[in-house]
Structures are given as structure tokens and as C-alpha cells.
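So the chains spell out like this:
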Amino acid sequence: MSKVSEMTRESWIMSTFPEWGTWLNEEIENEEVKPGTVAMWWLGCTGMWFKTPGGCNLTIDLWCGNGKRTHGNGKMAVGHQMANMCGARAMQPNLRAVPFVIDPFAIKQVDAVLATHYHQDHMSAEYAAHVIQSKMTTVDDNGKEIPVPFIGPKKSVELWVKWGVPEERCITVRPGDTIKMKDVEIVVLDSFDRTCLVTTDSTGPDREELTGICPTDMDDKAVNYLIKTPGGNIYHSGDSHYSIYFAKHGKDYDVDVAFGSYGENPVGMADKMTSCDILRMAEALRCKVVIPIHYDVWTNFMADVNEIRVLYDMKKDRLDYKFHPFFWEVGGKYVYPTDKDKKAYHHRRGFEDCFEAPQNIPFRSCL
Ligand SMILES: [Fe+2]
């Protein structure tokens, strides 16, 4: 049999997907987190992996799906939150723009699965299935072995349970709650994700009517998290829009690093924070480093982080900013406070051992 006669679409998919294979899984497993630091990896969208010196591995919003893959009927589902928000009916061309950098089925150990909210790009049935099927355990605050918990607001827990995650594995959280795990404390805070407020339970003709209904249940739908670690306090704002209440969170807590969902909103849409909002959020939270996320993932919301840099340079002296932005890459590692002065990330470039082994070239003049 020749290569071309054996090759199938399935064999191609299996040999190329997920794009990064287990590269990042291995990197995370092998990372030795130094005392007084916290290591983080960006998994794409708002997906984040945290690893502490005490061996606590947490994920927030790990998601393994994609967006549009066909033009279909060209229509958006009636009652989709974006259709609710702006009255558009044409399909949103949101194709996934980043590779899959982690293999959820190759994850060997995690201590808790967290979600900020239940939108499809923030939770993963694949990952949940693997955590359940592999019978992964952790230890609680008293050192007792327990199954790995799933932590999120009410709506996220409902989705996990719908997928088959046992209810007793889920912890429903609301702003004000705190959970201790190994050397980490999770503080649950208010979300400002107004897109979540116009998300209904069902789509289609029987969708819920929202006109004239005052939204009251953000706390059931979405939360923000402050992850207190030996390396500092990390604020994950989920898909929060800008809110003046970031200033209250900034007064109530010491925030070292803040993640904000940034994006280039299409005309007629207000879903992601703009460059200006990201700076305002950082200033209000009184963080030391602000990191834009989420702008990577959807083709129709991709944004240029240099816009944040230009605005930052314009405003930092006059407004006496005490923070700076850090521009990351999906699949990259950021260690706090070790990397606190870095302004931008580049993947490892390799060839560190150049000229340490004999070369094999005709003449040195080739070089
Ligand atoms: Fe999102």
C-alpha cells in the first residue's frame, strides 16, 4: 500500500489534531513552580491554567470547541444573545482563529475545574468527560481525598449536570463565596457580563421574551474570580464588560494581574472591552499588570493589542498609571512575579545550543 492510497480524511485529522498535540500538557506537567510565584498558561479565549508551588492546578474557562464551520442556512438562531442584543438575523461569521494548544483527554492532574459563565466558549464537555472518566481526585482543605470539583455559577453547574457531571461534584458559587484549595484561595466576585444578561435559556420560536424585564440574576449566570496564590492575586474577569464597579473590587482586594476580555466589536455589537476599557479596568482594579485575552479566538472580533499600547503610552504619564499591559500569545507561559516587568511574550525560539556540536557544512563562508 502506498502513502496516497492509505491516506484518509480521518487519518489526516488524527495526525494533525489537536494542533499542539500534548506539547503543552507536557510543559505544564514538567513545570516546577518556584516558591513565591504562580505559573499561568493561556489556553485561548479566556481559558487559563494556573499552577502553584504547592502543586495546585486550576483551570478557568478551559474550552475545546470552535465556531462556524459551514455557511449552513446563513441565519443566526432566533433568540441567540447577539440576536437579542442587536436584532440581527444573519449568521455571525465567528470562526475559531487559534489552534488547540491543549489536549483535554491527555490532562493527568487538575485540582478544580472552574467556569466564569455558561456560554459555549467557556466550558468544555470534552474536558468534563475526561475528568469524570479518569476518576481524577484532589485533596480538600482538610487534606481529605475528594473527586475533582466543578466550580461555577448556577447556570454553569446546570450545564455540567446536563452533560452528566454528578451534581455532588459541582459547587455552585456566588459573589462573596471563597473556596480554599491547597495553597490557593478562590474568591468569587461580581461579573459585569451584560451579554450574559440577554442570554435566554432557549432559542427558537419559544425563546423567552426579555422586553421590559429587569435583569436581576447576573450572579446566577456569571462570576469573576480572584485567585489568591503564593505568587500574587490574579483577577479573571470572564467576559465582563467595563463596569465602574471594578473600582470597588480594586479597593476590596489587592490585584496583581488582571485579565480582561478585549475585542474589536463589530458595528451594532457591544460584547468585548475596547482598548480604552482595558486601561480603565486596570486603573480601577489598581492592578500591576493587565493582560488582554479573548481577542484571539473569533475571526470577527479579532483586535490589535498595539491599540492598547498606543493609548497606554498616550495616557500613562498624565494619569500616572501604576500598571502596564502585557501582551501574551495563546499557548504561552507567564510566571508572576518573575515576569512582571515583561511587556510582551514571544514563544521560545530554540537553537540555544547553537555551535555546541560539530556543524556539517561545506565552508564557514556559507554562514
Ligand atoms: Fe466569550
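If you look the protein up in an unreviewed UniProt entry, it shows as L-ascorbate 6-phosphate lactonase from Clostridium porci.

Enquirer: Teacher, can you tell me more about the overall build of the protein here?
Expert: A count of helices and strands for the protein gives eleven helices and 16 strands. Its C-alpha radius of gyration of 22 Å places the protein within 12% of the 21 Å reference for a compact globule of 367 residues. Seen along its three principal axes, the alpha-carbon backbone of the protein occupies a region of about 80 × 60 × 50 Å. When burial is assessed residue by residue, the protein has 42% of its 367 residues classed as buried. Put simply, 66% of the contacts in the protein that link residues at least 6 apart link residues at least 24 apart.

Enquirer: Any chance you could explain helix α10 (residues 275-285) here in plain terms?
Expert: Given 3.6 residues to a turn, an α-helix orients residues that are three or four positions apart in the same direction. Taken across its eleven residues, α10 has ten buried, putting it largely inside the fold. Those residues of α10 that sit buried are S275, D277, I278, L279, R280, M281, A282, E283, A284 and L285. Residues of α10 that are buried make contact with β12 (232-236), α9 (246-252), β13 (257-261), β14 (289-293) and α11 (306-315). Just beyond α10, the residue with positive phi is R286, at close to 55°.

Enquirer: How should I be thinking about unusual backbone geometry in this particular structure?
Expert: When glycine is set aside, most residues are seen to have a negative phi, and most peptide bonds are trans. The omega torsion across F17 and P18 is -5°, close enough to zero to call that bond cis. By secondary structure assignment, the location of P18 is in the loop between α2 (9-16) and α3 (23-30). A cis amide bond links Y336 to the next residue, P337, at an omega of 0°. Mapped onto the fold, P337 is located in the segment after β16 (333-336). Look at K182: it is not a glycine, yet its phi comes out positive at around 45°. Assignment of secondary structure puts K182 in the loop between β9 (178-181) and β10 (184-190).

Enquirer: In this structure, what is going on with the nonpolar core? I would like to understand it.
Expert: The nonpolar side chains of soluble globular proteins are, as a tendency, buried together. Membership of the largest hydrophobic core comes to 87 residues, with the highest contact counts inside it found for Y225, A258, M281 and C287. Apart from residues lying up to four places away in sequence, A258 is in contact with Y235, S237, M281, A282, L285, C287 and V290.

Enquirer: Where do I start with the pairing of β9 in this structure?
Expert: Where β9 lies against β10, four bridges are found, and the strand directions are antiparallel. Looking across to β10, one finds that T178 is bridged to V187. Count of turn residues in the β9/β10 antiparallel hairpin: two residues, of which K182 carries a positive phi of about 45°.

Enquirer: I tried to follow the packing of α10 against α11 on my own but got confused; where do I start?
Expert: When two helices pack together, you describe them by how their axes are tilted relative to each other and by the distance separating the axes. Contact geometry of α10 with α11 gives a least axis separation of 9 Å together with a crossing angle of 55°. Put simply, α10 runs oblique to α11. Pair α10 / α11 crosses with right-handed handedness. Together, S275, C276, I278 and L279 of α10 and E307, I308, L311, Y312 and K315 of α11 make up the contact between the two elements.

Enquirer: Could you clarify how one ought to interpret the sheet that holds strand β4 (residues 112-114) in this entry?
Expert: The strand order β8-β7-β4-β3-β2-β1-β16 describes an open sheet built from seven strands, whose pairing is mixed. Bordering the open sheet on either side are β8 (170-172) and β16, each of which pairs with just one other strand. Recorded for the sheet is a direction-independent mean angle of 20° between the axes of neighbouring strands.

Thresholds, definitions, all that
Residues numbered from 1 in each chain as written. Predicted model: local features only at pLDDT ≥ 70, side-chain atom pairs only at ≥ 80, totals over all residues. Helix = DSSP H or I, 4+ residues; strand = E, 2+ residues; numbered from the N terminus. Rg over C-alpha atoms; globule rule 2.2 N^0.38 Å. Buried ≥ 20, exposed ≤ 12 C-beta atoms within 10 Å, placed from the backbone. Contact = placed C-beta atoms within 7 Å. Core = buried A, V, L, I, M, F, W, Y, C linked by C-beta atoms within 7 Å. Pairing = 2+ DSSP bridges. Axes fitted to C-alpha atoms, helices over the stretch in contact; angles between N-to-C directions. Parallel < 35°, antiparallel > 145°, perpendicular 65-115°, else oblique. Left-handed = near helix turned anticlockwise from the far one by under 90°.

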